[in-house]
Amino acid sequence: WAVVQWKNVIALVALLSWIRLLKGIRLLRFMQIVTTTLGRAFLQVLPFCLVFVLLLWAFAIAHRLAFGDLVYSFRSVLMSMFTLQRVLLGADDFAVLWDANRLLGPLFYLGWTLASYLILANIFAAVLVEAMGSDALKSVPRVGAIDTAKGYYDRWADRRASAAEEARLAEQRRLEGEAKSLP
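So, here is what we can say about the structure in this document. The structure displayed is predicted, hence computed values, not measured ones.

### Focus: the overall build of the chain
Scanning the chain from terminus to terminus reveals six helices and zero strands. Counting across all 183 residues of the chain, residues that qualify as buried make up 19%.

### Some thoughts on the packing of aromatic side chains
With the rule as written, the count across this model stands at six aromatic pairs. Both rings, one in Phe-67 and one in Phe-74, keep their centres 5.9 Å apart while their planes meet at 45 degrees; by these two values the pair is tilted. Feature note: the residues Phe-52, Phe-59 and Trp-112 constitute an aromatic cluster, connected by ring pairs. Directly above the ring of Tyr-72 sits Arg-75, whose terminal nitrogen or CZ lies 3.9 Å from the centroid.

### With respect to helix H2 (residues 29–67)
In this model H2 runs just 48 Å from its N-terminal to its C-terminal C-alpha over 39 residues, more than 12% under the 57 Å that 1.5 Å per residue would give. When the local axis directions of H2 are compared, the greatest deviation, roughly 60 degrees, occurs at Phe-42. Buried residues of H2: Gln-32, Thr-37, Ala-41, Val-45, Leu-56, Phe-59, Ala-60, His-63 and Phe-67, and no others.

The rules behind the values
- Residues numbered from 1 in each chain as written.
- Predicted model: local features only at pLDDT ≥ 70, side-chain atom pairs only at ≥ 80, totals over all residues.
- Heavy atoms only, no water.
- Helix = DSSP H or I, 4+ residues; strand = E, 2+ residues; numbered from the N terminus.
- Buried < 20%, exposed > 50% of the residue type's maximum accessible area, 1.4 Å probe, protein only.
- Phe/Tyr/Trp six-rings, centres within 6.5 Å; stacked < 30°, edge-to-face > 60°.
- Lys NZ or Arg CZ within 6 Å of the ring centre and 35° of its normal.
- Expected span 1.5 Å × (residues − 1).
- Bend = angle between axes of the 7 residues up to and from the residue.

Remember, this is a structural readout, not a statement about activity or role.
Dropping the structure here:
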């Protein structure tokens, strides 16, 4: 039991480490545009996410009631939700629904795919495109990874030059001090 829990903790730490790595990728112009677009569109996308969850819940209940006793992947509402998500990703098994019920199987499958792909996905994309075309994105500074690296190099070179200048001035002061001490 402890080994399994330790592996779970390690997996979570690894995931969080990779997410933290995304902070560095934010320096790329493309990622600045993506994060700004998602930030501007968040409040507009939130109602569509709520509609998607309600639609998913409704279809999951309908699939559970229609196919729960016949198809193992619809044995509970939660499993129906996971199965419908798999259908969105293309891992569907239409033949099982067809065999379970020749009327409701194709009807529910077609209803879910049309509702999720054609309506919700397109509305979500339209909101993001609208946010992407807004004037706020034009104010995103053009600072990319190369510009950032060049800035680091310039600061390093300036520090190095100032250190060399300080060493030269210290040597000059030392020589002047020695010259004054000579009779």
